Amino acid sequence: MPESSLVVEPRCEYLTLPALVQLLETIFLAHGCRAEVARCLAENCAGAERDGAHSHGVFRIPGYVSTLASGWVDGRAVPLVEDVAPAFVRVDAANGFAQPALAAARELLVSKARAAGIAVLAIRNSHHFAALWPDVEPFAEEGLVALSVVNSMTCVVPHGADRPLFGTNPIAFAAPQAQGQPIVFDLATSAIAHGDVQIAAGKGERLPPGIGVDSLGQPTQDPKAILEGGALLPFGGHKGSALSMMVELLAAALTGGHFSFEFDWSSHPGAKTPWTGQLLIVIDPSKAAGQNFAERSQELVRQMHAAGLKRLPGARRHQQRERSLHQGIAIAAEALQQLRALAQG
Ligand code: NDP
Ligand code: PYC
C-alpha cells in the first residue's frame, strides 16, 4: 500500500458561500457584534475560506469569539470618518474592527481617488485579524490601484536585533488587468504568517528552516517553540525587516494607531486581535497613464508568462475560488460542528 493512502483526510462538508456567510454572521451576532460588523467580518472570513486562504478563514473564528468575550475589542463600535483633505480620509475605528472602518470610508475614499488621482485612508484604533487582500482586491475590480499595510503584534525579531519587536505586518497590492482577474499579492513581512505557525503546531508539522527562533533565540523548526516564548524572523533578512519597519511607520505612526509593541492585552485573557492601525493608498491610473494602464499590466503579465513564469501571486487563490464556487467550500466536519456550536451563542 503506498504510504500516502495511509493518510486519513478529514471528513468535509461543502457549503455555498452564502450559507457559510450566514453561519459566520450568526456567530458574530451571537457574540456581541452589531449587524453591519457581523456581516462585514462574516463576508471577509468566508471569502478567505472560499479562496483557500486558510490561515485567515474559519480557523480564526474561535479567536474572534474569545477576543469579543474578553472585552478587548468592541463589536458594536461605530467608526468615525473624517474628511480631512482633498486626498486624505481619516477613520477612528473606536476600538472596533478595521474592515467596518474601511467600509464606512470607502465611498468617500474612491470619490477622492477619482477626483485627485490618489487618496489615502488612515485607520487608527482598529483591530485587523484577517487577510489583507480582501481590502485591496475590490478597488482593482473597479479599475483602481490599491496598496495597504497593517501592523499586528510583537512576534518578529528585526534583522540584527536580539528580541521580537515588529508584527507580522503584511503588505497587499492590487492592480487591474485588461482581461481576467486583477493582479494581487498579499504577504506577511515575516518569513511566515503567525496563523500558519499555529496551523503547523496544530497538525504537529515541522516548519522549513530559517523561519523562527526558540525562547533562547536559537533557530528552530518547531512551531510550538516559536509560539511558546520564541519568535519569527522577517522574510529576506534585512530587506524584509526594512519593509516591516515601513509597515510599522505607515500603519501605526502615520495613522495614530499603536505600534505592534505598544498595546498590552495581558489583562484581557482570550484577546487575540492586534489593536493597531491600517493605511490604504488608492490611485486612479487614468490620471497618470490615460486609459491604457490595464492593457500595460496585461502586457507585463504576458511577458512574465513568456519568460517561463507558471504562477502569478493571487492565481492559486483565484483558482481555488473557482473550484469553491463549483463544488462548494470544503469545511472539515469537526470544524463545522464547532462553528455551529458557536452560532448558538
Ligand atoms: P504566502 O507566503 O502564502 O503568499 C504571499 C503571496 O505570494 C500571495 O499573494 C501568494 O499568492 C503569493 N505566492 C505564494 N507562493 C507563490 C509562488 N510559488 N509563486 C508566486 N506567488 C506565490 O502568504 P503569507 O504567509 O505571507 O500571508 C498569509 C496571509 O496572512 C495574508 O493574507 C496576510 O494578509 C495575512 N496576514 C495578516 C496579518 C494581519 O495582521 N491581519 C498579519 C500577517 C499576515 P496566492 O494567495 O495566490 O497563493
Ligand atoms: O497570521 O500573522 C498573522 C496574523 C496576525 C494578525 C492576524 N493574522
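Please refer to the structure placed before this passage.
Now for a look at the structure at hand. Fair warning: this is a prediction, and the values are worked out from it, not measured in the lab.

Comments concerning the overall build of the protein chain
What the protein chain contains, in helices and strands, is 12 helices and 12 strands. Over its C-alpha trace the protein chain gives a radius of gyration of 20 Å, about what one expects of a compact globule, namely 20 Å for 345 residues. With the C-alpha coordinates aligned to their principal axes, the bounding extent of the protein chain is approximately 60 × 50 × 45 Å. Taking all 345 residues of the protein chain together, 49% fall into the buried category. A separation threshold of at least 6 residues defines the contact pool for the protein chain, and within that pool the share at least 24 residues apart is 68%. Split by element, the accessible area of the protein chain, about 16300 Å² in all, is 56% carbon and sulfur. Of note, the protein chain has its 27 positive side-chain charges centred 3 Å away from the centre of its 32 negative side-chain charges.

Some remarks on the sheet that holds strand S2 (residues 80-85)
The strand order S2-S3-S4-S11-S5-S6-S7 describes an open sheet built from 7 strands, whose pairing is mixed. Each edge of the sheet is formed by a strand with only one pairing partner; in this case those strands are S2 and strand S7 (183-187). Each neighbouring strand pair of the sheet contributes to a mean axis angle of 10 degrees, computed without reference to strand direction. Bridging between strand S3 (residues 88-97) and strand S4 (residues 118-127) involves 7 bridges; their strand directions are parallel. Residue pairing in the sheet places phenylalanine 97 in a bridge with histidine 127 of S4. Across the sheet, helix H8 (residues 237-253) touches S4, strand S5 (145-150), strand S6 (171-175) and strand S11 (275-283), and the angle it forms with S5 is around 95 degrees.

Thoughts on the site of ligand 2
Around ligand 2, the neighbouring residues are His56, Arg60, Phe129, Ser152, Met153, Thr168, Ala193, His194, Gly195 and Pro274. The contact in question runs from a nitrogen atom of ligand 2 to an N or O atom on the side chain of histidine 56, over 2.7 Å. One of the side-chain N or O atoms of arginine 60 is found 3.1 Å from an oxygen atom in ligand 2. Expressed as a share of its isolated accessible area of 240 Å², the protein-covered part of ligand 2 is 93%. Of the residues contributing to the shell around ligand 2, the split by class is 4 nonpolar, 5 polar and 1 charged.

Brief notes about the pattern of salt bridges
With the rule as written, the count across this model stands at 16 salt bridges. A salt bridge links arginine 321 to glutamate 137; its shortest N-O distance comes to 2.7 Å. Of this pair, arginine 321 sits in helix H11 (residues 315-327) while glutamate 137 sits in helix H5 (residues 133-141), and the two are 184 residues apart along the sequence. For arginine 321, a relative accessible area of 10% corresponds to the buried category. Under the relative-accessibility criterion, glutamate 137 is labelled buried at 3%. In this structure, arginine 302 and glutamate 299 form a salt bridge, with 3.0 Å as the shortest nitrogen-oxygen distance.

Looking at empty space enclosed by the protein
Unfilled space is identified by rolling a water-sized probe across the atoms. Evaluation of the coordinates by the stated rule reveals 1 cavity of 30 Å³ or more. There is about 40 Å³ of room inside the largest cavity. Put simply, the parts of the chain that give the lining of the largest cavity at least two residues each are S5 and S11. Residue composition of the lining of the largest cavity, grouped by class: 6 nonpolar, 1 polar and no charged.

A few points about the packing of aromatic side chains
This structure, assessed with the given rule, holds 9 aromatic pairs. Pairing tryptophan 72 with tryptophan 275 gives two aromatic rings, centres 5.4 Å apart and planes at 85 degrees, and the pair type is edge-to-face. Taken together, the positions of tryptophan 72 in the loop between helix H3 (61-70) and S2 and tryptophan 275 in strand S11 put the pair 203 residues apart, joining distant regions of the chain. Among the residues examined, tryptophan 275 registers a relative accessible area of 23% and is labelled partly exposed. Joined through ring pairs, the aromatic side chains of Phe28, Tyr64, Phe97 and Phe129 make up one cluster. Residue placement shows arginine 106 over the ring face of phenylalanine 139; its charged tip is 4.3 Å from the ring centre. The ring of tryptophan 133 carries the charged tip of arginine 317 above its face, separated from the ring centre by 3.8 Å.

What counts as what
Residues numbered from 1 in each chain as written. Chains lettered and ligands numbered in written order. Predicted model: local features only at pLDDT ≥ 70, side-chain atom pairs only at ≥ 80, totals over all residues. Heavy atoms only, no water. Helix = DSSP H or I, 4+ residues; strand = E, 2+ residues; numbered from the N terminus. Rg over C-alpha atoms; globule rule 2.2 N^0.38 Å. Buried < 20%, exposed > 50% of the residue type's maximum accessible area, 1.4 Å probe, protein only. Contact = heavy atoms within 4.5 Å. Areas by Shrake-Rupley, 256 points an atom, 1.4 Å probe, with all protein chains shown as cover. Lys, Arg positive; Asp, Glu negative; His and termini not counted. Charge placed at Lys NZ, Arg CZ, Asp CG, Glu CD. Pairing = 2+ DSSP bridges. Axes fitted to C-alpha atoms, helices over the stretch in contact; angles between N-to-C directions. Near = heavy atom within 4 Å. Polar contact = N/O pair within 3.5 Å; in protein donor to acceptor, adjacent residues only side chain to side chain. Nonpolar A, V, L, I, M, F, W, Y, C, P; charged D, E, K, R; others polar. Salt bridge = Lys/Arg side-chain N within 4 Å of Asp/Glu carboxyl O. 1 Å grid on protein atoms, 1.4 Å probe; cavity = no way out; pocket = protein on both sides within 12 Å on 5 of 7 lines; lining within 4 Å. Points joined across faces, edges and corners; volume = space filled by probe spheres on them. Phe/Tyr/Trp six-rings, centres within 6.5 Å; stacked < 30°, edge-to-face > 60°. Lys NZ or Arg CZ within 6 Å of the ring centre and 35° of its normal.

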